[in-house]
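Coordinate inspection notes
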Amino acid sequence: MKTTFSALAEGADISINAAVARELKKEYPIFRTLPNLVYLDNAATTQKPLSVLDAERDFYMQSCANVHRAIHTIGEEATARYEKARSSMARFIGAAPKELIFTRGTTESINLVARTFGETLREGDEIILSVMEHHANMVPWQQLAERRGVVLKFIPVTDLGELDLAEYEKLVSPRTRLVAVTMVSNVLGTINPIDRIVATARSAGVPVLLDAAQAAPSMPLDVKALGADFVAFSGHKMYGPFGIGILWGSETMLDSMPPFLGGGDMISEVRLEGFSVNELPYKFEAGTPPIAQAIGLEAAAEWLSSVGLEALGEYESALARRFLDAIKDIPGLRVMGSARQRAGIVAFTLENAHAHDVAAYLDRRGIAVRAGHHCAHPLARRFGVVSSARASFGAYNLPEDADAAARALADAQEAL
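1. A look at the overall build of the protein
A tally of regular secondary structure across the protein gives 15 helices and 15 strands. In terms of C-alpha radius of gyration, the protein reaches 22 Å, essentially the compact-globule figure of 22 Å for 416 residues. Its C-alpha atoms give the protein principal-axis dimensions of about 70 × 55 × 35 Å. The 416 residues of the protein split such that 58% are buried. Roughly 17,300 Å² of accessible area belongs to the protein as shown, and the carbon and sulfur atoms make up 52% of that amount. Between the centroid of the 41 positive side chains of the protein and the centroid of its 50 negative side chains there is a distance of 2 Å.

2. What about the sheet that holds strand β15 (residues 388-392)?
Read across the open sheet, the 4 strands follow the order β11-β12-β15-β14; overall the sheet is antiparallel. Strands with a single pairing partner mark the edges of an open sheet, and in this sheet they are β11 (333-335) and β14 (370-372). Taking each pair of neighbouring strands and ignoring which way they run, the sheet shows an average axis angle of 30°. Strand direction decides the pairing type here: β14 and β15, joined by 3 bridges, are antiparallel. Residue pairing for β15: G372 is matched across the bridge by S388.

3. Quick look at the pairing of strand β5 (residues 176-182)
Across a regular strand the side chains alternate sides, sitting on one face of the sheet and then on the other. In terms of burial, β5 is largely enclosed, as 6 of its 7 residues are buried. As paired strands, strand β3 (residues 126-130) and β5 are joined by 3 bridges and run parallel to one another. Within β5, the residue paired with I128 across the bridge is V179. Where β5 lies against strand β6 (residues 208-211), 4 bridges are found, and the strand directions are parallel. Each residue of the ladder has a partner; that of A180, found in β6, is L209. Handedness of the β-α-β unit built from β5, helix α8 (residues 194-203) and β6 comes out right-handed.

4. Side note on helix α13 (residues 355-364)
Every buried residue of α13 is listed here: A355, V358, A359, Y361 and L362. Around the axis of α13, the buried residues are gathered within 160° of arc, so they sit on the same side. Exposed positions of α13 whose direction lies more than 90 degrees from the buried face are D363 and R364. Where α13 is buried, its residues contact β12 (345-350), β13 (367-368), β14, β15 and α15 (399-415). G366 sits one or two residues past α13 and shows a positive phi near 85°.

5. Some remarks on the sheet that holds strand β8 (residues 245-249)
If you trace the 7 strands from one edge of the open sheet to the other, you get β2-β8-β7-β6-β5-β3-β4, paired in mixed fashion. Pairing within the sheet leaves two strands with one partner each, and these edge strands are β2 (100-103) and β4 (151-155). On average, each strand axis in the sheet is inclined to that of its neighbour by 20°, with strand direction left out of account. Both β6 and strand β7 (residues 230-234) contribute to a ladder of 3 bridges, which runs parallel. If you follow L210 over to β7, its bridge partner there is V231. Sheet strands in contact with helix α4 (residues 73-92) are β2 and β7, and its direction is about 115° off that of β2.

Rules and cut-offs
- Residues numbered from 1 in each chain as written.
- Predicted model: local features only at pLDDT ≥ 70, side-chain atom pairs only at ≥ 80, totals over all residues.
- Heavy atoms only, no water.
- Helix = DSSP H or I, 4+ residues; strand = E, 2+ residues; numbered from the N terminus.
- Rg over C-alpha atoms; globule rule 2.2 N^0.38 Å.
- Buried < 20%, exposed > 50% of the residue type's maximum accessible area, 1.4 Å probe, protein only.
- Areas by Shrake-Rupley, 256 points an atom, 1.4 Å probe, with all protein chains shown as cover.
- Lys, Arg positive; Asp, Glu negative; His and termini not counted.
- Charge placed at Lys NZ, Arg CZ, Asp CG, Glu CD.
- Pairing = 2+ DSSP bridges.
- Axes fitted to C-alpha atoms, helices over the stretch in contact; angles between N-to-C directions.
- Right-handed = clockwise from strand over helix to strand, strands pointing away.
- Arc of directions from axis to C-beta.
- Contact = heavy atoms within 4.5 Å.

See below:
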């Protein structure tokens, strides 16, 4: 029987789920190769379980062929496996398969919307973002503003690291054409109140795009329940392969948008004088798709579902709270944000020490954390820092990982 995480009340003893994590860690080959690694860079990318690695390898060994239009046996097998992966991922997020577009990741998914839906906007139309957005959910809209004269407005971030929803509601106007926000901050770990954000937009008839890159590995995604029009996330952050992501869009919205790229599967017919666009979802999947990656992503989603996704997210948050409690008395250490709803992500600075030096010191102790601006320059400026270090927890992390990182930080405060 598969080992699964248990739902625990906040503040409860996490030893039960720690025992689960200890067993699950055995499914990750990297920890056999590097048994002393304390990997706390999960917000950047997660490690991959053997089931994901096997799924990709088996495709290459057994049915490696291009999909669609193939008449030979392994081509038909590849097509069947690819489309099965689509159907599985659609079930994973509560969607119809025709609404699920395979992309290279969250960044491409958001760019797809900006380059299709965005091109229907006119000068003076408004898009609402937030100050805590990843550059992937900011730069494509800035590029659109340069092309189309669209006006960008930004939801402020409070000192707690939460979105100022009162100010957000004031930003919505008759010219608002889209609200695009992250579900979980990749820097602060803040879990945003998406229900209220979507409800406010809906009441004004405004579509919503959700960046779910940090949400997909740590909370169930039901796109219909979320009420958004677009949801984007990446495979590599949810224990799946690099080079693949998902854009979910409502059928109505996707039907109304022009194709993103030209060539390959996005056409049904080409003539010298023009072409006819293919049906959904192929309309947005030009060229050879990420076949092996889709099969690996299906395996990752199955793995997440089997271990108890919601309870996993709660466990990661509990590890973050343990880490925060352990570092709270370190002199000169500052944690960015203190949101009331927080995922397993903690960004921090150490007085008189550059974040890169802090990360390098921890690395010498076998502890992998991130350092830099975390692709969120405006948020760093909001908190008055150039860069920060970031610890982020995953399914295979243990309480002793949080403790080891805290001890190393205490030593770094004296050494750096």
